[in-house]
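# Overview (structure and organization)
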Amino acid sequence: MNPVTTAEARPDVLKALRSLKGRGTLGDVVSSAGLPRDEVESTLKDLLESHQGHLEVSESGELVYLFDRKLIKRDQVPTIERLKRAAKKMLTGAFKAWIVTMLVVYFVVFVVLVVAAIVAMMSRGGDRRSGGSWGRTAGRHSGHFHFPSFWLWYYIWTPRWRLGSPYYGRRWEATIEKDSRPPFYKKVFAFVFGPDRPKPTRKQLDRSTLRLIRARRGAITTAELVEHTALPLPDAEEEMGRLLGSYAGEPTVSRDGELVYAFPELMTSAHGAVKAREPNPAWMRMEYALELTGNEKKHDAVIVGMNGFTLVAGATAPWFIFPQLVAYSPWLASDASFVALVIIPVVFSVLFFSIPLLRVLGVRKENRKREARNIRRLVLGLVYKEALGGSGSVTAEAATKHVQARLKDQTVDPSAVEAALHQLAAEFDAEGSSGDQGEGSLRFSFPAIRNQFLASEAVRQRLKLEDQKLGGVVYSSADSSAEASERDGAAFDRELAADVDLTAYLPSPERAGFEDEYEIVAFEEELQRRGPALA
């Protein structure tokens, strides 16, 4: 009988999970699906990669697979949402094209008309002979006027700029070569719609997490993933499930019920023992405040000046431009000229200024979310510091002082810090105790964090994946739950006896830093920009 492949087993395993309401042990799924254990286990790992799900540990020490009851695929976007995004993209693209045409064309047109009106007005005071002197004056000087075409084109289009390339704002622009910097029209778009936001691929998002796994010698726990990403614990558990399926991870359960995820294949290298630099923890990767335009002030000033000039010139045209030039162009007295030179430019200019003003509300809302996430990151750093090498407990007062010291230029709301601390306490089942001063000095200790770090260190020392040696067996799918618990318990006891310094896995606990969004995608986009030059 030919073995069942993962693709063939998938429908039966999905059916089994539906009957189990998304929750079950490996044995539950094997019994319901009627398939061999190895095929079911391989399929479940594959489903952890493609569907929303994660692992838990039962009271008896068994691994429990938990999937959403509806078996929703990861990153699934509803049809209505996809249609909204497509419509928004289409309308935004059309409006961008209109912006470039309207802003530049009307600005140039009104500059010419205003200059002509001024010359015509001045000419009436000096030469009132038939035809006036405006036409002759313009004619005399037209031969000496040199349009700054090279400067203008360089301002609109830079030598190495590629159509469709993103513009992430001034900080990003400062990191690239001058000839590759975005042209002026991209800054006009940013003024109206905001700078482009990076859209990293899953591969790009995983890159730093894989570095973490390699730096931690091939084994991590959910608490370590939270240290790196600052994800809420339930989201981190979901992410660990995906990583387990995507990168051939192997789960094991410690004697105290701690899940440790080992990734042997990530520690295999053609260049000997794997050595990786630890990525920055979450508190060294805080988010900058989202900027309304992302441009430098001088560029915004130019854009405001151009559109403001168009708005004023269009609004005052019936009283200034038309009376001065109607003698030279009777068309200016028509209804068509009023629509073309008053209605359209005024409406456009008002819309041009209105969209950024409306976006202010959204930017403020996003920045409040970023501020809350940054506070969580900083509180997380203090919690991990105390859990792994400090007093073991944290108060809201200490957390507020810690956060304020690292956000010196910002006013920190103590209630926001306290909320972040209480949220972490709920996620990690922290132990609370009152100090001498009553409720105001409530202390939280986080033994679960330390236990997870100890459990992962035990697995690292036994597997020795960094040396590409298997060492003693820590986990085997052939083990009974009692055998697995006994074996892992022995390794865990040996690790506890070794008195490991867990602060080695706590980089820069006293420091804080920011990371730009574009840094995740910068490497590959730099290769794309340099592609033609390298070729």
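Read on for a plain summary of the structure. A quick note: this is a predicted structure, and the numbers were derived from the prediction, not measured.

About the cut-offs
Residues numbered from 1 in each chain as written. Predicted model: local features only at pLDDT ≥ 70, side-chain atom pairs only at ≥ 80, totals over all residues. Heavy atoms only, no water. Helix = DSSP H or I, 4+ residues; strand = E, 2+ residues; numbered from the N terminus. Contact = heavy atoms within 4.5 Å. Areas by Shrake-Rupley, 256 points an atom, 1.4 Å probe, with all protein chains shown as cover. Core = buried A, V, L, I, M, F, W, Y, C linked by side-chain atoms within 4.5 Å. Buried < 20%, exposed > 50% of the residue type's maximum accessible area, 1.4 Å probe, protein only. Salt bridge = Lys/Arg side-chain N within 4 Å of Asp/Glu carboxyl O. Pairing = 2+ DSSP bridges. Axes fitted to C-alpha atoms, helices over the stretch in contact; angles between N-to-C directions. Patch = residues over 30% accessible without salt bridge, like charges linked within 9 Å, V, L, I, M, F, W, Y side chains within 5 Å. Lys, Arg positive; Asp, Glu negative; His and termini not counted. Charge placed at Lys NZ, Arg CZ, Asp CG, Glu CD. Phe/Tyr/Trp six-rings, centres within 6.5 Å; stacked < 30°, edge-to-face > 60°. Parallel < 35°, antiparallel > 145°, perpendicular 65-115°, else oblique. Left-handed = near helix turned anticlockwise from the far one by under 90°. Nonpolar A, V, L, I, M, F, W, Y, C, P; charged D, E, K, R; others polar. 1 Å grid on protein atoms, 1.4 Å probe; cavity = no way out; pocket = protein on both sides within 12 Å on 5 of 7 lines; lining within 4 Å. Points joined across faces, edges and corners; volume = space filled by probe spheres on them.

## Concerning the overall build of the protein chain
- Regarding its fold elements, the protein chain presents 19 helices and nine strands.
- Of the contacts made within the protein chain by residues no fewer than 6 positions apart, 71% connect residues no fewer than 24 positions apart.
- In the structure as shown, the protein chain presents an accessible area of about 28,700 Å², 57% of it carried by carbon and sulfur atoms.

## Concerning the nonpolar core
- Core analysis: the largest hydrophobic core is formed by 69 residues, its most contacted members being Val379, Tyr384 and Phe446.
- Considering every element that reaches this core, the biggest residue donor is helix α14 (residues 335–389), with nine residues.
- What Val379 contacts, discounting residues up to four positions off in sequence, is Ala399, Val403, Val417, Ala420, Leu421 and Leu424.
- Counting 30 residues, the second-largest nonpolar core is a separate cluster that includes Val188, Leu332, Leu341 and Phe352.

## As for the pattern of salt bridges
- Within the structure shown, the criterion is met by 28 salt bridges.
- Close ionic contact of Arg242 with Glu239 constitutes a salt bridge, the shortest N to O distance being 2.7 Å. With a gap of three residues between them, Arg242 and Glu239 both fall in helix α11 (residues 233–246), about one helical turn apart.
- Using a relative accessible area of 15% as the deciding quantity, one classes Glu239 as buried.
- Within the structure, one salt-bridge network assembled from shared partners comprises Arg197, Glu287, Glu366, Arg370, Arg373, Arg377 and Glu517.

## What to know about the sheet that holds strand β1 (residues 23–25)
- Here we have three strands laid out as an open sheet, ordered β1-β3-β2, and antiparallel in their pairing. With one partner strand each, in any of the chains shown, β1 and β2 (53–57) form the two edges of the open sheet. Going from strand to strand, the sheet's axes swing by 25° on average, the running direction of each strand aside.
- Looking at chain direction, β1 and strand β3 (residues 63–67) are connected through three bridges and run antiparallel. Note that in β3 the partner of Thr25 across the bridge is Val64.
- In the packing of helix α3 (residues 37–50) onto the sheet, contacts are made with β2 and β3, and the angle to β3 comes to roughly 45°.

## Section: the side chain of Thr222
- By secondary structure assignment, the location of Thr222 is in helix α10 (residues 222–229).
- Overall, Thr222 belongs to the buried group, its relative accessible area being 8%.
- Beyond its immediate stretch of four places on either side in the chain, Thr222 contacts Leu233, Ala236, Glu237, Met240, Tyr261 and Gln452.

## With respect to a positive patch on the surface
- A cluster of basic side chains, namely Arg364, Lys365, Arg368 and Lys369, defines a positive patch on the protein surface.
- Along the chain, Arg368 turns up in helix α14.
- Look at Arg368 and you get exposed, because its relative accessible area is 54%.

## Thoughts on the packing of aromatic side chains
- For the structure on display, the rule yields 12 aromatic pairs.
- Consider the rings of Phe107 and Phe309, whose centres lie 5.6 Å apart with planes at 70°: the pair is edge-to-face. Taken together, the residues span a long stretch of sequence, with Phe107 in helix α4 (residues 79–126) and Phe309 in helix α12 (residues 297–316) at a distance of 202 residues.

## Thoughts on a nonpolar patch on the surface
- There is a patch of nonpolar side chains on the surface, built from Trp98, Phe338, Val339, Ile343, Ile344, Val347 and Leu351 and spanning about 540 Å² of accessible area.
- Here the nonpolar patch gets six residues from one element, more than from any other, and that element is α14.
- Tracing the sequence through the fold places Val347 in helix α14.
- Owing to a relative accessible area of 45%, Val347 belongs among the partly exposed residues under this scheme.

## Considerations on helix α8 (residues 184–193)
- Extensive coverage of α8 is indicated by the burial of nine of its 10 residues.
- Taken together, the buried positions of α8 are occupied by Phe184, Tyr185, Lys186, Lys187, Val188, Phe189, Ala190, Phe191 and Val192.
- The positive-phi residue at the C-terminal boundary of α8 is Gly194, with phi of around 90°.

## A word on the pairing of strand β5 (residues 250–253)
- Pairing of β5 with strand β6 (residues 259–262) involves four bridges; the strand directions are antiparallel. Pairing of Glu250 across the sheet is with Ala262, part of β6.
- As consecutive antiparallel partners, β5 and β6 are separated by five residues, and within that stretch Gly257 has a phi angle of approximately 85°, a positive value.

## Considerations on the environment of Val226
- Within the element layout of this structure, Val226 appears in helix α10.
- For the pair Val226 and Ala236, spaced 10 residues apart in sequence, the C-alpha to C-alpha distance is 6.3 Å.
- Setting aside anything within four residues of it in sequence, one finds Val226 in contact with Leu231, Leu233, Ala236, Ala282, Arg376, Leu380, Tyr384 and Phe428.

## Re unusual backbone geometry
- A positive phi angle is found at Lys21, which is not glycine, with a value near 60°.
- In this fold, Lys21 is placed in the loop between α1 (6–19) and β1.
- Residue Lys21 is classed as exposed on the basis of its relative accessible area of 53%.
- Phi is positive for Ala248, close to 55°, though the residue is something other than glycine.
- Examined against the element boundaries, Ala248 turns out to sit in the loop between α11 and β5.

## A look at the packing of helix α9 (residues 202–215) against α10
- Two elements in contact, α9 and α10, have axes whose closest approach is 11 Å; the angle formed by their N-to-C orientations is 130°. When the axis of α9 is compared with that of α10, the two are oblique. Seen from above, α9 lies across α10 with right-handed handedness. Residues Ser208, Thr209 and Leu212 of α9 lie in contact with α10, whose contacting residues are Glu224, Leu225 and His228.
- By residue class, the composition of the contact of α9 with α10 is two nonpolar, three polar and one charged.

## Remarks on the sheet that holds β5
- In space, the three strands of this open sheet follow the order β4-β6-β5, with antiparallel pairing throughout. For this open sheet the edge positions go to β4 (219–220) and β5, each flanked by a neighbour on one side alone.

## Description of empty space enclosed by the protein
- One pass over the full model with this rule turns up two cavities of 30 Å³ or more.
- Here the largest cavity defines a volume of roughly 220 Å³.
- Around the largest cavity, the lining comprises 19 residues; the ones closest to its centre are Tyr168, Arg171, Leu290, Asp516 and Glu517.
- Considering only residue class, the lining of the largest cavity consists of eight nonpolar, two polar and nine charged.
- Roughly 50 Å³ of volume is contained in the second largest cavity.
- If you trace the second largest cavity, you find it lined by Lys96, Tyr167, Lys186, Phe189, Ala190, Phe193, Gly194, Pro195 and Asp196.
- Element by element, the count of residues in the lining of the second largest cavity is highest for α8, at four residues.

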